[in-house]
There are 6 protein chains.
Amino acid sequence: MSFCQAFMTELHRHIGPATDVPAGDIGVGSREIGYLFGQYKRLTNRYDSGTLTGKDPLLGGIPARPEATGYGTVYFLQAMLAARGESLDGYTAVVSGSGNVAFHAIAELCELGAVPVVCSDSGGYVHDPAGIDLEVLRDLNVTRRERLSAYPEHVPSARFFPGESPWDVPCDVALPCATQNELGEQDALRLVKNDVRAVAEGANMPCTPAAVQIFREAGVAVAPGKAANAGGVATSALEMRQNAARDRWTFDQTDRTLRKVMEDIHTECLSTDDEHGLPGDYVVGANIAGFRTVVAAMEANGYI
Amino acid sequence: MSFCQAFMTELHRHIGPATDVPAGDIGVGSREIGYLFGQYKRLTNRYDSGTLTGKDPLLGGIPARPEATGYGTVYFLQAMLAARGESLDGYTAVVSGSGNVAFHAIAELCELGAVPVVCSDSGGYVHDPAGIDLEVLRDLNVTRRERLSAYPEHVPSARFFPGESPWDVPCDVALPCATQNELGEQDALRLVKNDVRAVAEGANMPCTPAAVQIFREAGVAVAPGKAANAGGVATSALEMRQNAARDRWTFDQTDRTLRKVMEDIHTECLSTDDEHGLPGDYVVGANIAGFRTVVAAMEANGYI
Amino acid sequence: MSFCQAFMTELHRHIGPATDVPAGDIGVGSREIGYLFGQYKRLTNRYDSGTLTGKDPLLGGIPARPEATGYGTVYFLQAMLAARGESLDGYTAVVSGSGNVAFHAIAELCELGAVPVVCSDSGGYVHDPAGIDLEVLRDLNVTRRERLSAYPEHVPSARFFPGESPWDVPCDVALPCATQNELGEQDALRLVKNDVRAVAEGANMPCTPAAVQIFREAGVAVAPGKAANAGGVATSALEMRQNAARDRWTFDQTDRTLRKVMEDIHTECLSTDDEHGLPGDYVVGANIAGFRTVVAAMEANGYI
Amino acid sequence: MSFCQAFMTELHRHIGPATDVPAGDIGVGSREIGYLFGQYKRLTNRYDSGTLTGKDPLLGGIPARPEATGYGTVYFLQAMLAARGESLDGYTAVVSGSGNVAFHAIAELCELGAVPVVCSDSGGYVHDPAGIDLEVLRDLNVTRRERLSAYPEHVPSARFFPGESPWDVPCDVALPCATQNELGEQDALRLVKNDVRAVAEGANMPCTPAAVQIFREAGVAVAPGKAANAGGVATSALEMRQNAARDRWTFDQTDRTLRKVMEDIHTECLSTDDEHGLPGDYVVGANIAGFRTVVAAMEANGYI
Amino acid sequence: MSFCQAFMTELHRHIGPATDVPAGDIGVGSREIGYLFGQYKRLTNRYDSGTLTGKDPLLGGIPARPEATGYGTVYFLQAMLAARGESLDGYTAVVSGSGNVAFHAIAELCELGAVPVVCSDSGGYVHDPAGIDLEVLRDLNVTRRERLSAYPEHVPSARFFPGESPWDVPCDVALPCATQNELGEQDALRLVKNDVRAVAEGANMPCTPAAVQIFREAGVAVAPGKAANAGGVATSALEMRQNAARDRWTFDQTDRTLRKVMEDIHTECLSTDDEHGLPGDYVVGANIAGFRTVVAAMEANGYI
Amino acid sequence: MSFCQAFMTELHRHIGPATDVPAGDIGVGSREIGYLFGQYKRLTNRYDSGTLTGKDPLLGGIPARPEATGYGTVYFLQAMLAARGESLDGYTAVVSGSGNVAFHAIAELCELGAVPVVCSDSGGYVHDPAGIDLEVLRDLNVTRRERLSAYPEHVPSARFFPGESPWDVPCDVALPCATQNELGEQDALRLVKNDVRAVAEGANMPCTPAAVQIFREAGVAVAPGKAANAGGVATSALEMRQNAARDRWTFDQTDRTLRKVMEDIHTECLSTDDEHGLPGDYVVGANIAGFRTVVAAMEANGYI
């Protein structure tokens, strides 16, 4: 709390709802955002809730902000499969990680009929052929603050593989949601060999360039993090919108809008692909679409 | 007008849509708010309509702001009766006062099928067994600016009781909407004897603590002003929301939202009661719920 | 771009979303507004999109802003005819001008079943008995940047009348959408003789006072520019509303709201007419209604 | 007072000690400046005394501000004569006007040994061969608020010439201190014929261009108003200096500095003359020196 | 330090070099002012040293600020005696108190040849016929932080009178420098009986109205605190002047200016007395002069 | 000019007379400061001359700012010698560099009776036994913009030594005024062997630590740059003082104050030395004195 307040004592000069709007990240959740916001208000005498996002709903935060990155990744994956005439229903999924992103990705996969059989932490991975038990996972994470290695104690059918790569487990879809460069060349080869259908990056750049190349050559659909995990940032923008209008969104309203945003991103990647003769190459599509938006904005603002 | 302008010449430094937002109160209606707002704009060069609430709709005010406290009190009363399996339909009501709050409470009681037979001013009370005639009341208040003692001249069936307490009249529901401490121990005993079902405070703390105690012991439902007359302040918040979004709400939209707000407050009081083993004790429920919100906000902001 | 930036370097001190909100006009389209806005943000460090209207949607502009004046004029005309028990369906229309206002008026006339047979530029007018071909017109304006005299090259049925007045062509409705004082006494007499039903000013004061007088005496309905072409300014207000709420309106949402706004303006003119015993005299109705709003606002603000 | 306060209610946004610093002029003396300053402080909550000059010393004004223009004109005249080897001692002076500038010019002329024998108002001029009596003049101006025609009642030796030009009276130095274009071609010819030595403009451009030309050709030294009456503005700058340092200057300190400023202006005109081969032509010298300063400042600021 | 910082976190919005300039008082010395100023700079990012006075010279404080009230009281006393043809040289003085004001009053009395024989604290008074030893007093106050009762241990010639009134000691001049109402009717009678010549209030209103009345009737000169102890506030104004000009005054410069300020205050009281026919009645003179200044400022600002 | 303006467009938010005050440095002289200041005023609408120092006097700069570092270094050297009972009169000096610092150091050395026989640029050094001719040096630098190698063409007695170290030339005082680390161990040994009396750093850290160590051991007085070349920064502070008071200092006033500042710095170093038992060790004295000031300021501000 002290650190947050001291930090904001200097930062408050440089931010604002129409200037720069910080959000939390690793180690900065809604609790820390609350302390930052409290100090911001104390100093500026302004209840400018749009100055920070990721707030607790009590202080003007939007519901579904914690779920947004995980859900969004799965929405993108779903749209990508639909474009290929497939669906998640009945698909086996391997998800790496077990934190915020991974947990909500697993939850949404279940919701959509997929069977997520793997999750992991830095100690290894759990394989639960019956599908990861969400209640057990939440209990370990939030209440007990235990490591994943304790998971089999609560679920007899599951097994923990210390120090091994989750990508060994055969699956239809793979969602690397843990950390940068966690899925390398060998992992990709094994996934391809196991006939993976699609890969969706919930983390930032979890697949190495070499792994991505292998997927592309094998015709595996790859959802690049730049597009697939944009749900968190997009929902921060929704929070700014809620705050600007002094509105109070429901969970469903946010979730519905998030899904629409992810589908639009998917569509823009896809049509950009087609336009450049690389149908289905989402990596290229996301890069070009992003770059074009920046250039168009620079030109329109006269920043050239 | 001069006073409003001189007052705002100093006040303008200390208020703003994200800082402090004054509203009218006794003797300060939309006309005075308009003069204050006009001077605010003249000085700050900003059309910040969210800086004041209770404005005339022409200057950005929300419709149904004058009705809000009176309507809201009746909505709370309605919810409270519904929780006991009763309804206002056919109930006889005694309302004290005849000003803004009382008038709109009477109007809404009629709307919901109740029969308000009494209203009062500082000179005494009118008893009209056929139910107070709203048009006559508005005419006295607004057009003729006459005292209630003139009411029987227009409604032969009515009688005026100078200097007497309205709580002598038997009724199913009592709505003290006039002023602080207007309903004392003796009044409460008489109401209980006359088998009153519920009391809803439209004014701020109109029942003395002793009166409240008598009601609680007799099992009469009491809607404390803290919760029951929150409709005015709640609608000011809606006005801020309308102004933030540069929107223009309709009367119905405001009224519907107000009703929802009052029902939510009722629900929160009720569930807080249950949680503390005092089912139906709205006085305790409102106090605890209010206190908890303040504490939670202080903790979340790091103000400890 | 240089001029826009230098201009804003001084202007930025005097504008803001709650102070003064400039919009484009002749020679200042969304491109110039973008340069102005870009410089505004550079200087103030604030992304206050509500500071300027007429922006490109990429920078926060509202869709249908370019269409607004033309569409709005036709919506007003439609309401005016409906009040007389007539409809645009099948009516022949003469529209002067071929720029932004005229083009979208023609488009909306087609949409509503009318047949716009004339449009013009400073060189003369085109008469196309089959109805102006919108694609050809857009092509000339935007792609080829040619004069109207080239129109017959693309549409054999059409004929160009260099240097002549479009008001010679018989029509049911006339929409002067070009410039001030373009429709004089003689034009009015000819239109009346040709049995025109209604005149709607898409430009600012295109009919001379004498022309207006002739129309009024002949019982021709006249939609004065003050009311009929308010759609552009009204849509700028919608853009401010969109920006305040950080919302993103669709074309349809804007168009629907615009239509409602125009119908409300029509209704207010009409009822003001009735109130003053001059039914159907929109010129007087618009003047009185406008004046009354200003006076009411001055009184409410205490600016007297 | 009301007008000053209303005017400042808008003006306060655009001025400030480092932005624009208004001063009084015709009809706006220290009383009006005080009302403006009072309102400025009320609105801004800042005691920024450097925001206005010409204040009463009680509110931070500098002493000798009223005297500055008149004294300064005489200091310039003195320097000009000294450069020609002459002195004011014993010189007969004709001063037009009897207001603020003229009065203090007359006072300073007396101080330096000259004999001002004429002053005037719009009704005519007084000729007092013994030298204008300052006490009588002040008494007429300030206490009695009478016209100059009453002067001879108090000074038997004086005579009033209604409707005539003061420049008929022979003199060594002429100081037009009344108004624009008050000294024309014929006046100049007469003064030259009467052997005038020097002319100093206390008013703004009192000599017509033709008159100036006659003086230049006759070798009469002309002190152009641009340089000669700069004492008022210069003393406003001293007031800003006093206010910036929260200092309190004495009359003598201001007067000494004023004299130095006027001598420096004289020297700069003179040396500019020499540089351009027009020795003693103060009109040209003042123009060139002024222009060069502006250009140099523009270049140094990069305003080109 | 924590308290100062938390206090300034709110206060910083309401002060500034041209708005309100707080200074220390009882319990708030240059150390606390430094903490307040440090926090002010941290929050506002501005080194506005004129925002607070009483600063340590390291942070922009003026020298002689701690001495100012005590010295100033003696300067006023000296001027008062001089106006009666007397001088402090050789006069016996009784000073109550031994804090900041009393200590520097004693020091300055010594400087001017008087013999201060008494000082006091809440426990009683010291009588040292040889004159109070400044070094011993400073040593007790600052280094040892001991009570005055320890004084005789260091100065054999002195005696401590616990719980008694210092005004019993015969003296030529009495300087109550401790606290409000410390010198009552009986004290005044005894002083008059002992032939006191003058009384100078170093504290705020230390003499009761009855005591003052006795002095006035006995012809004893009384320097009221309003005038006599203005040296502290006056030196704060000098500190603001030093800060505005980013200057650095020396001790002597401050002391010289302070003496001049006190003499001017004395002169203004005296001349106001004469004007109202009450020569030498400083109490009346100070009241009238103070009131007149306020009225004149109000009129000049248009605050009426 | 373009670069300065673009740079200030962002910088203006972060600076101000009471916040941060940039000054020129290598490649940024009064011309560039003028462009920065011009843009600052254009953007902020404030003539806050204290926002930048090193301005041209036309824009509020202080005279003697270019001379300050060079003169100051010599003033420090003079004080250091005086403390040892020596004087510059008749001393031979070697100065490295020929830019702003070196030139004005040479000029001041001449003024004080020393004979600067060497100056240098990156191509080598000039040795002129008769003393460097200032006019020739200025002519080369400013008018001709030639290299030092051309010096002997104008002064027959001089010789240019390409690529050699100026420290070979025997001298009484050495002033490294060129660049960092320009005077190494070998140079120091040679200077000591040639019996140098004192070394004064006009550049920032021109002597390597090893060289400094040699000088200290040999008892040569060393004026460290931290103290000796503080004249430039000190004069910037004087410029801020001039601007704060809207004053206009003369060259002499600045120079006199600069000399006083340098002598005070010298005194503080010296007394700090004595306090720590290292008499005459200016390196240590400057370090300790500087550190103590920072610590004292931090404590006084409560920044701990």
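None of these values were measured; they are calculated from a predicted model. Numbering of residues starts from 1 in each chain and follows the order in which that chain's sequence is written. Chains carry letters from A onward and ligands carry numbers from 1 onward, assigned in written order. Only residues with pLDDT of 70 or above have their local features reported here, since the model is predicted, and side-chain atom pairs are shown and tallied only from 80 upward, although totals for entire chains, interfaces and linings are computed over all residues. Working from all heavy atoms in the structure, the side-chain values ignore hydrogens and water.

1. A word on the relation of the copies chain F and chain D
Step number 1: Once chain F has been moved 0.1 Å along the axis and rotated by 120°, it coincides with chain D to within an RMSD of 0.1 Å. Read as a symmetry element, the transformation amounts to a three-fold axis. Within chain F, Ala245(F) has its C-alpha nearest the rotation axis, a separation of 2.7 Å. Least-squares superposition aligns the copies on the C-alpha atoms of those residues with pLDDT at or above 70 in both.

2. Description of the interface of chain F and chain D
Step number 1: Any two residues having at least one pair of non-hydrogen atoms within 4.5 Å are treated as being in contact. Listed by partner, the interface residues are 20 residues for chain F and 15 residues for chain D.
Step number 2: Summed over both partners, the accessible area (1.4 Å probe) lost when two parts come together is defined as the buried area. Summed over both partners, the interface of chain F with chain D buries about 1,300 Å², with 55% contributed by carbon and sulfur atoms.
Step number 3: Looking only at chain F, the three residues that lose the most surface to chain D are Met1(F), Leu58(F) and Arg246(F), adding up to 37% of its buried area.
Step number 4: For this document, the term salt bridge refers to a Lys or Arg side-chain nitrogen within 4 Å of an Asp or Glu carboxyl oxygen. Applying the counting rule to chain F against chain D returns one salt bridge.
Step number 5: A salt bridge links Arg241(D) to Asp247(F); the shortest N-O distance between them is 3.2 Å.
Step number 6: Any N or O atom pair separated by 3.5 Å or less is treated as a polar contact, with the protein-specific requirement of one donor-capable and one acceptor-capable atom, and with residues adjacent in sequence counted only for side-chain atom pairs. At the junction of chain F with chain D, the criterion picks out seven residue pairs in polar contact (both at pLDDT 80 or more).

3. Focus: unusual backbone geometry
Residues and elements named next belong to chain E.
Step number 1: We note that asparagine 45 has phi near 60°; this positive angle belongs to a residue other than glycine.
Step number 2: Tracing the backbone through its elements, the reader meets asparagine 45 in the loop between α2 (30-44) and α3 (68-83).
Step number 3: The classification of residues rests on relative accessible area computed with a 1.4 Å probe and restricted to protein chains. Under 20% of the type maximum is buried, over 50% is exposed, and intermediate values are partly exposed. With a relative accessible area of 33%, asparagine 45 lands in the partly exposed category.
Step number 4: We note that aspartate 195 has phi near 70°; this positive angle belongs to a residue other than glycine.
Step number 5: Only DSSP runs of H or I covering at least 4 residues are called helices, and only runs of E covering at least 2 are called strands; the numbering of each starts at the N terminus. Tracing the sequence through the fold places aspartate 195 in the loop between α7 (185-193) and β6 (198-200).

4. Concerning the confidence of the model for chain A
Step number 1: Of all residues in chain A, 100% attain a pLDDT of 70 or more, and the chain-wide mean is 95.
Step number 2: Across the interfaces of the predicted complex, the ipTM metric reaches 0.90, alongside a pTM of 0.93. The score called pLDDT rates the predictor's confidence residue by residue, from a low of 0 to a high of 100.

5. A short note on the packing of aromatic side chains
Step number 1: Within 6.5 Å between ring centres, the rings of Phe, Tyr and Trp (the latter by its six-membered ring) count as paired, and their orientation is classed by plane angle as stacked under 30 degrees, edge-to-face over 60, tilted in between. One pass over the full model with this rule turns up 30 aromatic pairs over all chains.
Step number 2: Each ring, one from Phe37(C) and one from Tyr47(C), has its centre 5.5 Å from the other, and the planes form 75°; the classification is edge-to-face. Of this pair, Phe37(C) sits in helix α2 (residues 30-44) while Tyr47(C) is found in the loop between α2 and α3 (68-83), placing the two residues 10 residues apart along the sequence.
Step number 3: A cation sits over an aromatic face here: Lys55(A) above Phe37(A), 6.0 Å from the ring centre.
Step number 4: Whether a charge sits over a ring depends on NZ of Lys or CZ of Arg being within 6 Å of the ring centre and within 35 degrees of the ring normal. Above the face of the Phe37(F) ring, Lys41(F) is positioned so that its terminal group lies 4.0 Å from the ring centre.

6. Some points on the pattern of salt bridges
Step number 1: In total, this model carries 90 salt bridges over all chains according to the counting rule given.
Step number 2: Arg144(A) is the partner of Asp139(A) in a salt bridge, and the nearest nitrogen-oxygen pair spans 2.6 Å.
Step number 3: Using a relative accessible area of 27% as the deciding quantity, one classes Asp139(A) as partly exposed.
Step number 4: Among the ionic pairs, Glu239(F) bridges to Lys55(F), the shortest N-O distance being 2.8 Å. Of this pair, Glu239(F) sits in helix α10 (residues 231-244) while Lys55(F) sits in the loop between α2 (30-44) and α3 (68-83); the two residues are 184 residues apart in sequence, bridging distant segments of the chain. Taken as a pair, Glu239(F) and Lys55(F) share a single burial class, namely buried.

7. Overview of the pairing of strand β2 (residues 115-121) of chain E
All names here are of chain E.
Step number 1: Counting buried residues in β2 gives six out of seven residues, a clear majority hidden from the surface.
Step number 2: Note that strand β1 (residues 92-96) and β2 share three bridges and pair parallel. Bridged to valine 94 within β2 is valine 118.
Step number 3: Paired strands are those between which DSSP finds at least two bridges. In this structure, β2 lies alongside strand β3 (residues 124-127), joined through four bridges in antiparallel fashion. Its bridge partner being in β3, serine 120 is matched across the sheet by tyrosine 125.
Step number 4: In sequence, β2 turns back onto β3 through a hairpin of two residues.

8. Focus: the sheet that holds β2(E)
Residue and element names in this part refer to chain E.
Step number 1: Taken in spatial order, the seven strands line up as β4-β3-β2-β1-β5-β6-β7 in an open sheet, and their pairing is mixed. The sheet is open, and its two borders are formed by β4 (159-162) and β7 (221-223), each paired with just one other strand. Across the sheet, the axes of successive neighbouring strands diverge by a mean angle of 15°, strand direction being ignored.
Step number 2: Seen against the sheet, α3 touches β5 (173-176), β6 and β7 and runs at an angle of roughly 155° to β6. Comment: axis = line fitted to C-alpha atoms, over the contacting stretch for helices; angle = value between 0 and 180 degrees taken between N-to-C directions.

9. With respect to helix α1 (residues 2-11) of chain D
Step number 1: Of all the positions in α1(D), only Cys4(D), Gln5(D), Met8(D) and Thr9(D) are classed as buried. Down the axis of α1(D), the buried set is contained in an arc of 140°. They therefore lie on one face. Along α1(D), the residues that are exposed and aim more than 90 degrees away from the buried face are Ser2(D), Phe3(D) and Ala6(D).
Step number 2: Looking at the buried side of α1(D), the elements it contacts are α2 (30-44) of chain B together with α2 (30-44) of chain D. Think of the arc as the fan of directions from the helix axis to the C-beta atoms.

10. Some points on the domain arrangement of chain A
Residues and elements named next belong to chain A.
Step number 1: Taken domain by domain, chain A consists of domain 1 (1-61) and domain 2 (62-304).
Step number 2: Taken over C-alpha atoms, the centre of domain 1 sits 28 Å from the centre of domain 2.
Step number 3: Of the roughly 670 Å² buried where domain 1 meets domain 2, counting both sides, 48% is carbon and sulfur surface.
Step number 4: Sorting the residues of domain 1 by area buried against domain 2 places Thr53, Gly54 and Gly61 first, and these three jointly supply 45% of that buried surface.
Step number 5: Run the count over domain 1 and domain 2 and you get one salt bridge.
Step number 6: Across the domain 1-domain 2 interface, the total number found is seven residue pairs in polar contact (both at pLDDT 80 or more).
Step number 7: Classifying every residue of the side of domain 1 that touches domain 2 gives four nonpolar, six polar and one charged. For the purposes of this description, domain bounds are those given by an automatic or database domain assignment. Each residue is assigned to one class: nonpolar for Ala, Val, Leu, Ile, Met, Phe, Trp, Tyr, Cys and Pro, charged for Asp, Glu, Lys and Arg, and polar for all the others, Gly among them.

11. A closer look at the pairing of strand β3 (residues 124-127) of chain C
Step number 1: Of the pairings in the sheet, the one linking β3(C) to strand β4 (residues 159-162) of chain C comprises four bridges and is antiparallel in character. Each bridged residue has a counterpart across the sheet, and for Gly124(C) the counterpart in β4(C) is Pro162(C).

12. Some words on the interface of chain B and chain C
Step number 1: Facing the 19 residues of chain B at the interface are 15 residues of chain C.
Step number 2: A combined buried area of about 1,300 Å² lies between chain B and chain C, and 55% of that area is made up of carbon and sulfur atoms.
Step number 3: The largest contributions to the chain B side of the interface with chain C come from Met1(B), Leu58(B) and Arg246(B), which together make up 37% of the buried area.
Step number 4: For the pair chain B and chain C, the interface holds seven residue pairs in polar contact (both at pLDDT 80 or more).
Step number 5: If you tally residues by element for the side of chain B that touches chain C, the top one is α2(B), at seven residues.
Step number 6: Per-class residue counts for the side of chain B that touches chain C are eight nonpolar, five polar and six charged.

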